[in-house]
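# Architecture and fold: a report
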Amino acid sequence: MLTQTKLTKEFVDCLLCGKQGTRRFNSQLPGVVQCDCGLVYTNPRLKEECLKDLYSREYFESHSSEEMGYDNYVSDRELVEKTFHRRLESLEKRWLPKKGWVLDVGCATGFFLCTARSMGWSVGGVEISDYCCEYAKREFGINLFNGQFKDLDSSRAGVYDLVTMWDYIEHSFTPGRDIEKAFELLKPGGIFALATPDIGSLPAKIFKQNWVGFKEHEHLYYFTKQNLCALLEKKGFKVVKTSYAGKYVSLGFFAKRLAGYFPWIGKVLIQMSNWPLFSKINFYCNPYDIVYVVCQKPAADTSHR
Ligand SMILES: [Zn+2]
């Protein structure tokens, strides 16, 4: 877990243009800057050496997910897997008629991989958190690569049919290198799918500093649909679909999120969600602020990186 003594920070140049952004994006958000090129990112940010401490067990059981991490990721397993089943099914229908190898980057406890395996896929995963790697090994018998994606060796280059990054790239210290790595590991014609908070979305614009996408320390990059797609294409991918990603949520989770924007209504719903009759309710919810991008590695390698 992070303690104040471990909060060592560093200044970084813009990922997209190389200049150093210093202009504050919002006066209420110290540490979030906007570069002249438009990219919004955290500067200064925690040093990479803090990563293991940040993504500890406490991160996945924080009980205050509006500030950091997840309330209790493992107890949400059923809903997380239901969401992943829906996403993979839709990818299969349109782009992946044959099952093959999938690599999930930033796969947490491996719920996506467990789902994919039950749907007939061969699976691999990358995860920084020791806690999650131990969980995936114990519960699913899946051996994850316990480290940063950029450090995964390239012995399986050109093997994967699908690479996924669900709510990962905003946490990455090296999104550009990660996209290059995904490109390298995919087969020609392979699919890369990712989802990340969109700072250009309507909810981000309306709720400003209260937008749930802002997370101190853990979110390092705030992409827009436009600059994310431009980066993907610069690295050689062809963007084939953009939309917004929803997920299955409990009434309790929905109420807590709503309370962040509309405290009075949210608090009433939080009370209701504790009633036995309502506690089991879940539904598919799309807040239209998580951009979902599907892109393809060209069948013939025409990368111009
Ligand atoms: Zn820039």
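Owing to the predicted nature of the structure, the values given are computational and were not obtained by experimental measurement.

## Section: the environment of I290
Here I290 lies in strand β14 (residues 290-296). For I290, a count of 21 C-beta atoms within 10 Å gives the class buried. Here the alpha-carbon distance between I290 and R156, two residues 134 residues apart in the chain, equals 30 Å. Contacts of I290, omitting those with residues within four sequence positions, involve A195, T196, P197, D198, Y244 and A245.

## Things to note about the domain arrangement of the protein
Annotation of the protein at the domain level lists domain 1 (4-246 + 286-296) and domain 2 (249-285). For domain 1 versus domain 2, the separation of C-alpha centres amounts to 26 Å. Listed by partner, the interface residues are eight residues for domain 1 and nine residues for domain 2. Per-class residue counts for the side of domain 1 that touches domain 2 are four nonpolar, three polar and one charged.

## Quick word on unusual backbone geometry
A cis amide bond links N43 to the next residue, P44, at an omega of 0 degrees. Within the element layout of this structure, P44 appears in the loop between β3 (40-42) and β4 (45-46). The phi dihedral of A108 falls on the positive side, at around 50 degrees, and the residue is not glycine. Tracing the chain through its elements places A108 in the loop between β5 (101-105) and α4 (111-118).

The rules we used
As a convention, each chain's residues are numbered from 1 in the sequence order in which they are written. Reporting of local features is limited, given that this is a predicted model, to residues whose pLDDT is at least 70; pairs of side-chain atoms are given and counted only at 80 or more, and all residues count toward the totals for whole chains, interfaces and linings. Note on conventions: DSSP H or I runs of at least 4 residues are helices, E runs of at least 2 residues are strands, and numbering of each starts at the N terminus. Using C-beta atoms placed from the backbone, we call a residue buried if 20 or more other C-beta atoms fall within 10 Å of its own, exposed if 12 or fewer do, and partly exposed for counts in between. A pair of residues counts as a contact when their C-beta atoms, built from backbone coordinates, are separated by no more than 7 Å. The start and end points of each domain follow an automatic or database-based domain assignment. Gly is put with the polar residues, along with every residue not named as nonpolar or charged; the nonpolar set is Ala, Val, Leu, Ile, Met, Phe, Trp, Tyr, Cys and Pro, and the charged set is Asp, Glu, Lys and Arg.

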